[in-house]
Amino acid sequence: MSSTIGIKISSTESLAKVVSIIRKYESLSISEIKKRIDSNSYLLTYGYTDDKGLNTLLKCHKEFSALGISTQLFEHDRPCELQFFKNLSKTYQEISDEIDAEDDEE
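To start, this report covers the structure provided alongside it. Quick caveat, the model's predicted, so the values are computed rather than measured.

Now for the state of the cysteines. Counted by the stated rule, this structure contains 0 disulfides. The closest cysteine sulfur to the non-disulfide-bonded Cys80 is located on Cys60, 14 Å from its own sulfur.

The following block contains the structure:
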């Protein structure tokens, strides 16, 4: 089982829009992005416990949605709902806040 989270899109009428969003987060070539779309591969993928990566996926999903581009989020190579990612992000933030509070007490 893969311990990753990622985002895919099945197809797009506007490759330029997809490229402009993806390039905000990773410096991939246009041909690499197109190849990932055509092969139904992850456009972006991060480790399951990468809180910054998780937030990047949420931002990316929001930007795609605003342009009417359908995305699918994945957790451990299984499709999952946006709410799961939001809850996971909230959990990571709570853990980070607790650690920061403990560090401040020391």
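Quick look at the side chain of Thr71 now. Considering the arrangement of structural elements, one finds Thr71 in the loop between α3 (51–66) and β3 (72–75). Within the structure, Thr71 has its side chain in polar contact with the side chain of His61 (distance 2.6 Å). When neighbours within four sequence positions are excluded, Thr71 is seen to be in contact with Ile7, Lys8, Ile9, His61 and Phe64.

Overall, the coordinates contain 5 salt bridges when judged by the stated rule. The salt bridge involving Arg36 is made with Glu32; its shortest N-O contact spans 2.8 Å. One end of the pair, Arg36, and the other, Glu32, are both in helix α2 (residues 30–38), 4 residues apart, so they sit about a helical turn from each other. Exposure remark for Glu32: the relative accessible area of 23% places this residue in the partly exposed category. Three or more residues joined by partner-sharing salt bridges are found here, namely Glu32, Lys35 and Arg36.

What counts, and where the lines are drawn
Residues numbered from 1 in each chain as written. Predicted model: local features only at pLDDT ≥ 70, side-chain atom pairs only at ≥ 80, totals over all residues. Heavy atoms only, no water. Disulfide = S-S within 2.5 Å. Helix = DSSP H or I, 4+ residues; strand = E, 2+ residues; numbered from the N terminus. Polar contact = N/O pair within 3.5 Å; in protein donor to acceptor, adjacent residues only side chain to side chain. Contact = heavy atoms within 4.5 Å. Salt bridge = Lys/Arg side-chain N within 4 Å of Asp/Glu carboxyl O. Buried < 20%, exposed > 50% of the residue type's maximum accessible area, 1.4 Å probe, protein only.

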